[in-house]
Amino acid sequence: MPQAKLDVGGTEPAIRARGLTRRFGHVTAVDGIDLDIPRARIYGFLGPNGSGKSTTIRMLCGLLRPSAGTVSVLSHEMPRDAEKLRTRLGYMTQKFSLWDDLTVSENLEFMAQVFGLAAPRRRARVSAVAEEFDLTSLFRQRAGTLSGGQRQRLALAAATLHQPELLLLDEPTSAVDPQSRREFWESLFELVARGVTILVSTHYMDEAERCHELAILASGRIVAQGAPQELMAAIPAAVVEVEAADTAAARRALVADETVLSVAQLGTRLHVLIDPATPDPAQRVLQRLGAASVEAQSTLVRASLEDVFVAATGFGRAAGEQRDR
Amino acid sequence: MLLRLLAITTKEVRQLARDRLTFGMIIGIPLMQILLFGYAINFDVRDLNAAVVDEARTSHSRALVADLQATGVIVLQPPSPSLADLRHRMESGEISVGVVIPYDFERRRSGSDRAVAQIVIDGSEPMIDSVARGLSSVPLPARAGDYKSRTPVFEVRTEYNPERRTAVQIVPALIGVILNMTMVIFTAAAIVRERERGNLELLIATPIRSWELMAGKLIPYVLIGLIQTTLILTVGARIFDVPINGSLLDLYLAAALFIAATLTLGLVISTFARTQFQAFQMSFLTLLPSILLSGFVFPFDGMPPLARMIAQALPLTHFVEMIRGILLRGAPLSAMQVPAMKLGVFLVITLAIATLRFHKRLD
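Note that the coordinates shown come from a computational prediction; the quantities given were computed from them, not determined experimentally.

**Looking at the overall build of chain A**
- Counting secondary structure elements, chain A contains 13 helices and 14 strands.
- C-alpha extents for chain A along the principal axes are approximately 75 × 55 × 40 Å.
- The 325 residues of chain A split such that 53% are buried.
- Put simply, of all contacts in chain A between residues at least 6 apart along the chain, 67% involve residues at least 24 apart.

Structure representation (structure tokens):
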């Protein structure tokens with residue numbers, strides 16, 4: 001029986017979803033997504049605001065009921081077994097949701113109590129996470145007076161107090177400076193090394209690139225799924241970088257070409273995605289620009305994750321058409 | 001289990017202690033109200049429940065009773081056999097006016113300078129002066145133009161509040177009004193605040209159970225309610241000489257029951273309101289009818305049937321009845337079973353609604 005195989009040891013994914021759908025009235029926020037998130041990996045949700053990342057995470061931790069589809073988290077069916085899984089899940093909300101008027105230590109102590117940690121373990125865990133996330137010197141400070149990076153460290157510390165097997169992090173770094181983001185990701189990799197599975201949503205390309213695997217979401221659907229390197233290699237477009245004296249004129253000329261899928265400007269350069277069927281895309285770009293009497297140089301380059309994102313979401317144009325409908 | 005409950009309570013007390021404004025209101029609202037309401041307010045009445053002790057049993061005494069009833073101020077209940085029974089019925093709150101016609105009624109009527117009969121009034125209820133004046137001006141009936149313009153027909157006797165001071169009528173009920181106000185608003189806001197600030201999303205993703213969350217949040221407010229009760233009683237006794245005739249234990253038991261009922265009402269509101277402002281508005285929506293219909297200012301007896309029905313659904317109505325009975329008439333809690341039961345029913349119903357409506361989910 002094929003089902004029997006799924007139950008064997010650690011081969012079963014940490015999260016498995018089939019046809020997961022959530023509607024709010026007439027709006028479909030999440031539209032039939034399938035997920036297989038392996039254990040002890042960082043899995044990313046990359047997508048713009050409103051693409052269904054938060055709604056999906058909320059369904060995965062049992063806070064929202066799916067309108068259709070099935071979810072199993074750590075071999076438990078959700079949302080039915082949500083309460084059984086509470087001590088095995090850690091959830092970090094998009095907005096800082098610890099208590100501004102409590103101190104760092106009071107917040108940690110409170111969360112440890114709520115997770116039912118007995119006194120000796122509670123003390124040990126509070127000082128362990130304080131050490132780990134560099135919070136010891138902030139113990140007496142109220143959470144409301146912390147900086148963005150400090151708050152986010154506190155939130156992650158609170159989410160890991162009870163040593164969960166699965167962490168669900170909803171845009172954890174949206175209000176955080178680059179240095180703090182770096183440190184935050186180092187902490188995530190340390191957790192993964194201990195066997196924790198992490199699902200993290202983001203709209204930063206550099207963060208998405210750090211994930212073992214990721215899903216690109218747009219309008220509630222998964223439009224691409226896989227390891228970042230695979231996604232970049234398999235992009236259905238050729239990427240050409242153009243250096244032109246008159247970038248505006250170059251842009252106009254390229255947008256008019258039917259083989260050009262998308263043009264993005266990066267300083268004085270243009271980043272051009274071209275139909276992969278085009279032979280010698282760099283040459284094609286130069287011809288086109290020459291015809292429009294724009295002086296330029298062009299190079300064929302490797303696709304970035306942003307290119308993958310643009311390609312997966314329909315090169316901007318299709319997405320625009322979708323919105324218009 | 002107890003750990004989580006305690007964790008919530010501790011957190012709530014800490015937050016409350018740091019929220020200076022709210023903390024100030026806990027003490028400030030009762031003080032302001034008692035000082036405002038403590039000074040006189042007078043009113044007008046109809047349809048008070050009354051019973052007669054007719055020791056004379058003559059045709060004239062019956063005519064007098066009929067005339068009293070015709071004024072519309074009183075509604076006659078079955079007569080009492082004795083003055084003791086009349087007092088007992090007044091103590092339990094069944095009647096608020098008693099008419100005593102002495103056995104020597106006929107003799108007094110025909111000559112004596114003494115009043116011919118007595119009206120006994122429950123002074124723990126407001127607007128007593130106008131009732132007394134209205135009834136005592138009823139002329140003495142007689143056959144064939146036998147009216148004489150003479151000394152008052154009735155001697156008016158006000159029980160439980162002999163000096164007829166409004167403060168005595170207002171202050172006990174004010175305990176209920178203040179508790180109703182602070183308990184409903186503060187508990188509704190305490191839960192909605194967590195929803196509004198996003199704390200609730202984090203809390204419901206923890207193993208905490210709904211009842212632990214609710215009970216943990218309510219416990220501090222029960223204590224605050226009892227502190228407020230003490231504050232109003234002390235100020236009432238010191239400044240306005242409001243007597244405490246009943247037992248303090250009975251009084252605090254009644255207050256605790258009422259506090260529980262208002263807290264669950266606050267919980268129900270918290271399951272409907274999305275923002276603290278909505279919670280505040282909804283609390284106010286329950287507060288206004290409570291103040292107007294509970295018998296706190298306007299006597300319950302004069303209201304149209306619909307208003308009475310609404311009043312029955314308000315916890316304050318029953319608490320005002322209990323607190324006046326205990327504090328002013330010195331009635332034991334056992335004489336207050338009916339309002340206590342009604343409060344209990346209210347508590348059970350609201351608790352059931354709150355529990356059914358509160359989910360550990362966002363949808």
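**Concerning the pattern of salt bridges**
Residue and element names in this part refer to chain B.
- Evaluation of the coordinates by the stated rule reveals 31 salt bridges over all chains.
- E212 is the partner of R4 in a salt bridge, and the nearest nitrogen-oxygen pair spans 2.8 Å. Linking R4 in helix α1 (residues 2-18) with E212 in helix α9 (residues 210-240), this pair joins segments that are 208 residues apart in sequence.
- Assessed through its relative accessible area of 0%, E212 is described here as buried.
- Through salt bridges that share partners, K11, E12, R193, E194 and K217 make up one connected network.

**Some thoughts on the interface of chain A and chain B**
- Each side of the interface is counted separately: chain A has 29 residues, and chain B has 25 residues.
- Between chain A and chain B the total buried area reaches about 2600 Å² when both faces are included, carbon and sulfur atoms providing 59% of it.
- When the buried area of chain A at its contact with chain B is split by residue, L63, W99 and V114 of chain A rank highest and sum to 23% of it.
- There are three salt bridges connecting chain A and chain B.
- Here the side of chain A that touches chain B gets five residues from one element, more than from any other, and that element is helix α4 (residues 104-114) of chain A.
- Of the residues contributing to the side of chain A that touches chain B, the split by class is 12 nonpolar, seven polar and 10 charged.

**Here we look at unusual backbone geometry**
Residue and element names in this part refer to chain A.
- P79 follows M78 through a cis peptide bond whose omega is 0°.
- Within the chain, D134 stands out as a residue other than glycine whose phi angle is a positive 60°.
- On the secondary structure map, D134 appears in the loop between α5 (119-132) and α6 (148-160).

Thresholds, definitions, all that
- Residues numbered from 1 in each chain as written.
- Chains lettered and ligands numbered in written order.
- Predicted model: local features only at pLDDT ≥ 70, side-chain atom pairs only at ≥ 80, totals over all residues.
- Heavy atoms only, no water.
- Helix = DSSP H or I, 4+ residues; strand = E, 2+ residues; numbered from the N terminus.
- Buried < 20%, exposed > 50% of the residue type's maximum accessible area, 1.4 Å probe, protein only.
- Contact = heavy atoms within 4.5 Å.
- Salt bridge = Lys/Arg side-chain N within 4 Å of Asp/Glu carboxyl O.
- Buried area = accessible area lost by both parts, 1.4 Å probe.
- Nonpolar A, V, L, I, M, F, W, Y, C, P; charged D, E, K, R; others polar.

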